[in-house]
Amino acid sequence: MIQAYYDLHLHSCLSPCGDEDMTVNNLLHMAQLKELDLIALTDHNTCQNCPALLQAAKGSRLTVLPGMELTCAEEVHVVCLFPVLDAAMAFSDYVYAHLPPIPNAPEIFGEQHILDSKDHVIGELEKLLVNATDIPIFDLPELLHGYGGICFPAHIDRNSYSILSNLGMIPPECGFRVLEVAQPEHFFAAGNHSGLQNGYTIFVDSDAHDLATISEREHMLALTSINFEGLAEYFQ
C-alpha cells in the first residue's frame, strides 16, 4: 500500500465564491508546497477549469483528478470525481444544462473565469454556478456510474448545504459509502455520531476557496495506487 496525502475538495476562481488568487497554477503550486500527493478540483457545478489544471500538472509528482461539487435539487452538496477528463467534461455539460437560467451577477457573487494552463482568462460561464440543479440526490450515484465517476456527500457536519442539515439522514437508497466531514474532532467528539463513523469511510477535505486553507500534509489514505483507480478501490 502507498501512503497518499490528499485534498479532494478544492475550488478555483471559476467558483464565484472562490478567491481570485485560486488560479490553476497557484492552486497547483500551493498543493505541491504542502507536499500533497492527490488532489481534485471541484468547482461548483462545473468542471470547466479541470482541463487547465490537468495540463498544468503534467510532469509533476502530484496526481490531479477532475471533479465537481454538485448542488443537488435538495440543495445538498456532493463531491463528484471522475477517472478521465472526457467523462468529467461530459458530465459538466449535463449539469450545466440542469442549472436554472439565472445569470451570474459578478458584483455580488464574483467572477466565473475559465482559465488556460497559463492562468489566462479564456472565457466565463453565464449561469450562476452556486444555484441548485434539478438533479435529485437519489438519482446521483447511478447517474455518476454512467460517467464512470464516484461521489460522496460533502461537509455533512455543516448546518447548510449538507445532507444531514437538509435531509436529516443519509438515505440508504443512495448507496453512499463515503462521507466528508469538515471537523471530525468536533463531529465525533464524546462518541457522537458513532454510527456514521463506524458505518462509513470518512474523508476530511479543505473545501478550500483560497490558497491558505488548502489542506496541509495531514490527511492520509493507504492506496494501492495514487490515481482514480486506487481511490475507487478504496471506496469499495
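Reference entry: report on the structure contained in this document. This one's a predicted model, so the numbers in the text were calculated from it and none came from an experiment.

## Digging into the overall build of the protein
Assigned secondary structure in the protein consists of 9 helices and 10 strands. Its C-alpha atoms give the protein principal-axis dimensions of roughly 50 × 40 × 30 Å. Here the protein holds 236 residues, and 51% of them are scored as buried. Of all intrachain contacts in the protein linking residues separated by at least 6 positions in sequence, the fraction that spans at least 24 positions is 73%. Just so you have it, the protein exposes about 10,200 Å², and 50% of that area is on carbon and sulfur atoms. When the 8 positive and 32 negative side-chain charges of the protein are each reduced to one mean point, those points stand 9 Å apart.

## Remarks on a negative patch on the surface
A cluster of acidic side chains, namely D19, E20, D21, E107, E111, E124 and E126, defines a negative patch on the protein surface. Tracing the sequence through the fold places E124 in strand β6 (residues 121–124).

## Things to note about helix α1 (residues 24–33)
The α-helix advances 3.6 residues per turn, and as a result positions three or four apart in sequence lie on the same side. Along α1, the residues that are buried comprise V24, N25, L27, L28 and A31. All buried residues of α1 project into a common sector of 160° when viewed along the axis, lining one side. Taken together, the buried residues of α1 touch β1 (2–10), β2 (38–41), α2 (50–56) and β5 (113–115). Backbone geometry just downstream of α1 places E35 in the positive-phi region, at approximately 60°.

## Here we look at the pattern of salt bridges
The final tally for this structure, using the stated rule, is 4 salt bridges. Here D37 and R61 are joined by a salt bridge, their closest N and O atoms 2.3 Å apart. Of this pair, D37 sits in the loop between α1 and β2 while R61 sits in the loop between α2 and β3 (63–71); the two residues are 24 residues apart in sequence, bridging distant segments of the chain. D37 sits in the buried class, given a relative accessible area of 8%.

## A short note on helix α3 (residues 85–97)
Relative to the 18 Å expected for 13 residues at 1.5 Å per residue, α3 spans 18 Å between its end C-alpha atoms, a close match to the ideal helical length. Turning to α3, its buried residues number three or more, namely A87, A88, M89, F91, S92 and V95.

## Structural notes on the packing of aromatic side chains
Within the structure shown, the criterion is met by 10 aromatic pairs. Ring plane angle 55° and centroid distance 6.4 Å describe the contact between Y94 and Y147, whose orientation is recorded as tilted. Here Y94, found in helix α3, pairs with Y147, found in the loop between α5 (140–146) and β7 (150–153); they are 53 residues apart in sequence, far enough to count as distant. Ring-pair connections join several aromatic residues into one group, and the members of that group are Y6, F152, F203, Y234 and F235. The positively charged end of K127 is found above the aromatic ring belonging to Y96, 4.9 Å away from the centroid.

## What about the side chain of D7?
Positionally, D7 belongs in strand β1. It turns out D7 is buried and unbridged, and the closest side chain with the opposite charge, K34, is 7.4 Å from it. A distance of 3.4 Å separates a polar side-chain atom of D7 from the backbone nitrogen of H9. Engagement of the side chain of D7 in a polar contact is seen with the backbone nitrogen of S215, the distance being 2.9 Å. Apart from the residues lying within four places of it in its own chain, the contact partners of D7 are L36, L38, I39, A40, D205, S206, D207, I214 and S215.

## Details of the state of the cysteines
A full pass over the atoms with the stated rule returns 0 disulfides. This cysteine, C17, is not joined by any disulfide, and C13 carries the nearest cysteine sulfur, 12 Å off. On the basis of relative accessible area, C17 is assigned to the partly exposed category, the value being 40%.

## Focus on the sheet that holds β1
Here we have 6 strands laid out as an open sheet, ordered β7-β4-β3-β2-β1-β10, and mixed in their pairing. At either end of the open sheet lies a strand with only one pairing partner, and these are β7 and β10 (220–223). Each strand of the sheet is rotated relative to its neighbour by a mean of 35°, with strand direction disregarded. Bridge count between β3 and strand β4 (residues 77–81): 5 bridges; the pairing is antiparallel. Within the sheet, the bridge partner assigned to L70 lies in β4 and is V78.

Parameters at a glance
- Counting from 1, residues in each chain are numbered in the order their sequence is written.
- pLDDT decides what is reported in this predicted model: residues at 70 or higher carry local features, side-chain atom pairs at 80 or more are listed and counted, and totals for whole chains, interfaces and linings draw on all residues regardless.
- As a rule here, side-chain values cover all heavy atoms of the structure and leave hydrogens and water aside.
- Strands here mean DSSP runs of E at least two residues long; helices mean DSSP runs of H or I at least four residues long; both are numbered from the N terminus.
- Each residue gets one of three labels from its accessible area relative to the maximum for its type: buried under 20%, exposed over 50%, partly exposed in between, using a 1.4 Å probe on protein chains only.
- Should any heavy atoms of two residues lie within 4.5 Å, those residues are considered in contact.
- Throughout, the Shrake-Rupley method with a 1.4 Å probe supplies accessible areas, and for residues the shown protein chains are the sole cover considered.
- Positive: Lys, Arg. Negative: Asp, Glu. His and the chain ends are not part of the count.
- Each charge is placed at NZ for Lys, CZ for Arg, CG for Asp and CD for Glu.
- Residues forming no salt bridge and having over 30% relative accessible area are the ones grouped into patches, like charges within 9 Å of each other and nonpolar side chains (Val, Leu, Ile, Met, Phe, Trp, Tyr) within 5 Å.
- Salt-bridge detection follows one rule: a side-chain nitrogen of Lys or Arg within 4 Å of a carboxyl oxygen of Asp or Glu.
- Directions drawn from the helix axis to the C-beta atoms are what define this arc.
- Given a helix with a known number of residues, its expected span is that number minus one, times 1.5 Å.
- Side-chain rings of Phe, Tyr and Trp, where Trp is taken by its six-membered ring, are said to pair if the distance between their centres is within 6.5 Å; with planes under 30 degrees apart they count as stacked, over 60 as edge-to-face, and otherwise as tilted.
- Here, a charge over a ring is recorded when the distance from Lys NZ or Arg CZ to the ring centre is within 6 Å and its angle to the ring normal is within 35 degrees.
- Side-chain atoms alone can form a polar contact between residues adjacent in sequence; in general such a contact is a pair of N or O atoms within 3.5 Å, and within protein one must be able to donate a hydrogen while the other accepts it.
- Only a pair of cysteine sulfur atoms within 2.5 Å qualifies as a disulfide here.
- The pairing criterion for strands is at least two bridges between them, as found by DSSP.
- Here the axes come from fitting lines to C-alpha atoms, over the contacting stretch only for helices, and the angles between their N-to-C directions go from 0 to 180 degrees.

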